[in-house]
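# Fold and geometry: a report
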Amino acid sequence: MGEFRTRFTEEFGVEHPIVQGGMQWVGRAELAAAVAEAGALGMITALTQPTPEDLVKEIARCRELTDKPFGVNVTILPTIAPPPYAEYRQAIIESGVKIVETAGSNPAEQVAAFKPAGVKVLHKCTSVRHALKAQKLGVDAVSIDGFECAGHPGEDDVPGLVLIPRAADELSIPIIASGGFADARGLVAALALGADGINMGTRFMCTAESPIHDEVKKRIAAASELDTELIFRPLRNTARVASNSVSREVVARLDDGAAFEDVRELVAGARGRQVYEQGDTELGIWSVGMVQGLIDDIPAVDELVQRIVGEATELIRGRLGGLLTRTA
């Protein structure tokens, strides 16, 4: 198996250019540790933990499972009652975590807190203009998220095939390609487009160590690329989620002119969390990307990472190498 050395693997000290981005209710110690053990970059999601104290315990639990580097995701989103972000940041710094994935609004506050503590910041954004701003603010790398992604694709609707090389043309810091990645083909394509690695959310959700109900994993493996919905489009806060009776109802109501208040109970986070815990995929809104169309199994994390890196090596040496005509 070949080794892929990129600016990302060098600067972030990971073996493979693969990141398991933070996922609410999914990014727990057992998944992050399994990803780290496989040589990729695992992420605990800070806000999955109800308090900063719980996050400290979760980081300690992850350390018991692996001695390899892992990160913590801090997503800043508009919420009715904002969580104590500063306390979560302090918990991360005091726990000695050296890599943070930031997402959501302007990362200035995050950079100001983490950089002096020697923490590397990987900021997730959905446009070249936001990526340039993040670079100017001093983030160490950006994760550029195309329209295919689960969660929040932004409002520009630019797919990865255009967005990633556009970002590569403009930025000088390492770039992680995100949205639509699940296999070796995606890794090779991302590297060809100018990225330094890939981020996978949905694919890592659908692994043996992912701490969600097996029925949800089976649903992802069975679903096609057509089985997602874009909710909150009329509110300009678009989110890509699994297509189910709840998300279709949200789309229909908002298309008819309803306000957020009219769908609030349908999209409650607690209901989405129950999907993962109870395995009933119709209980609420839950995030998944179009890439589920490329997923048809539930492997162990280590098996998945080895498969991707191994097949990517073969793709470059075999298929792509074989396409080159030999010149005298």
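Predicted, not measured: the structure shown is a model, and the values here were computed from it. (Residues numbered from 1 in each chain as written. Predicted model: local features only at pLDDT ≥ 70, side-chain atom pairs only at ≥ 80, totals over all residues. Heavy atoms only, no water.)

Moving on, we come to the overall build of the chain. Helix and strand counts for the chain stand at 14 helices and 10 strands. Relative to the 2.2 N^0.38 estimate, which gives 20 Å for 328 residues, the radius of gyration of the chain is 19 Å and therefore close to what a compact globule would have. Overall, the chain is about 70 × 45 × 35 Å in size when its C-alpha atoms are taken along their principal axes. Counting over 328 residues, the chain shows a buried share of 52%. Of the contacts formed within the chain by residues at least 6 apart in sequence, a portion of 62% connects residues at least 24 apart. (Helix = DSSP H or I, 4+ residues; strand = E, 2+ residues; numbered from the N terminus. Rg over C-alpha atoms; globule rule 2.2 N^0.38 Å. Buried < 20%, exposed > 50% of the residue type's maximum accessible area, 1.4 Å probe, protein only. Contact = heavy atoms within 4.5 Å.)

Right, let's get into the nonpolar core. Core analysis: the biggest nonpolar cluster contains 77 residues, and Ile18, Leu55, Val142, Phe204 and Trp286 have the highest contact counts within it. Taken together, domain 1 (7–211 + 304–324) and domain 2 (224–287) each give at least three residues to this core, which thus spans both. If we skip the residues at most four places from it in the chain, Phe204 touches Ile18, Val19, Gln20, Met23, Leu31, Val35, Ser210, Val301, Leu304 and Val305. Counting 12 residues, the second largest nonpolar core, distinct from the first, contains Val246, Val250, Val251 and Val263. (Core = buried A, V, L, I, M, F, W, Y, C linked by side-chain atoms within 4.5 Å. Domains from an automatic or database assignment.)

Let's shift gears to the packing of aromatic side chains. Counted by the stated rule, this structure contains three aromatic pairs. With 4.7 Å between their ring centres and 25° between their planes, Phe8 and Phe12 make a pair best called stacked. Here Phe8 and its partner Phe12 are both found in helix α1 (residues 7–12), four residues apart, which amounts to about one turn of the helix. Taking the relative accessible area as the measure of exposure, Phe12 reaches 5% and is therefore buried. Summarising the aromatic geometry, the rings of Tyr276 and Trp286 are spaced 6.4 Å apart at their centres and angled 80° between planes, so their arrangement reads as edge-to-face. Linking Tyr276 in helix α13 (residues 269–278) with Trp286 in the loop between α13 and α14 (301–323), this pair joins segments that are 10 residues apart in sequence. Here Trp286 falls in the buried class, since its relative accessible area comes to 2%. Lying across the ring of Phe12, Lys120 places its NZ or CZ 6.0 Å from the centre. Here the basic side chain of Arg240 rests over the ring of Phe147, its NZ or CZ set 4.9 Å away from the ring centre. (Phe/Tyr/Trp six-rings, centres within 6.5 Å; stacked < 30°, edge-to-face > 60°. Lys NZ or Arg CZ within 6 Å of the ring centre and 35° of its normal.)

Before going further, it helps to examine the side chain of Thr281. If you trace the backbone, Thr281 turns up in the loop between α13 and α14. Side chain to side chain, Thr281 and Arg219 meet in a polar contact 2.9 Å long. Once you skip the residues sitting within four places of it in the chain, Thr281 turns out to touch Glu215, Val216, Arg219, Asn244, Val275 and Trp286. (Polar contact = N/O pair within 3.5 Å; in protein donor to acceptor, adjacent residues only side chain to side chain.)

For the pair helix α2 (residues 29–37) and helix α3 (residues 52–65), interaxial distance at closest approach is 9 Å and the crossing angle is 40°. The hand of the α2/α3 crossing is right-handed. Contact with α2, carried on its side by Ala29, Glu30, Ala32, Ala33 and Glu37, involves Glu58, Arg61, Cys62 and Leu65 of α3 and no other residues of that element. Of the residues that constitute the contact of α2 with α3, the class distribution is five nonpolar, no polar and four charged. (Axes fitted to C-alpha atoms, helices over the stretch in contact; angles between N-to-C directions. Left-handed = near helix turned anticlockwise from the far one by under 90°. Nonpolar A, V, L, I, M, F, W, Y, C, P; charged D, E, K, R; others polar.)

With that settled, consider the domain arrangement of the chain. Accessible area lost upon the coming together of the parts is a frequently used measure of interface size. Once the domains are mapped, the chain shows domain 1 (7–211 + 304–324) and domain 2 (224–287). Of note, the centres of domain 1 and domain 2, computed from C-alpha atoms alone, are 24 Å apart. Between domain 1 and domain 2, the residue contacts involve 16 residues of the former and 13 residues of the latter. For the pair domain 1 and domain 2, the two sides together bury roughly 1,300 Å², of which 50% comes from carbon and sulfur. (Buried area = accessible area lost by both parts, 1.4 Å probe.)

Along the chain, the position of Asp145 falls in strand β6 (residues 141–145). By relative accessible area, Asp145 is classed as buried at 5%. For Asp145, the side chain forms a polar contact with the side chain of Ser178, separated by 2.8 Å.

Moving on, we get to the sheet that holds strand β4 (residues 99–104). The pairing of strands in a sheet happens through backbone hydrogen bonds and is either parallel or antiparallel. Sheet architecture is open: eight strands sit in the order β1-β8-β7-β6-β5-β4-β3-β2, paired in parallel fashion. Among the strands making up the open sheet, the edge pair consists of β1 (18–19) and β2 (42–45). Across four bridges, β2 lies against strand β3 (residues 70–76) in parallel orientation. Looking at the pairing, Gly42 lines up with Phe70 of β3. Across the sheet, α3 touches β2 and β3, and the angle it forms with β3 is around 155°. (Pairing = 2+ DSSP bridges.)

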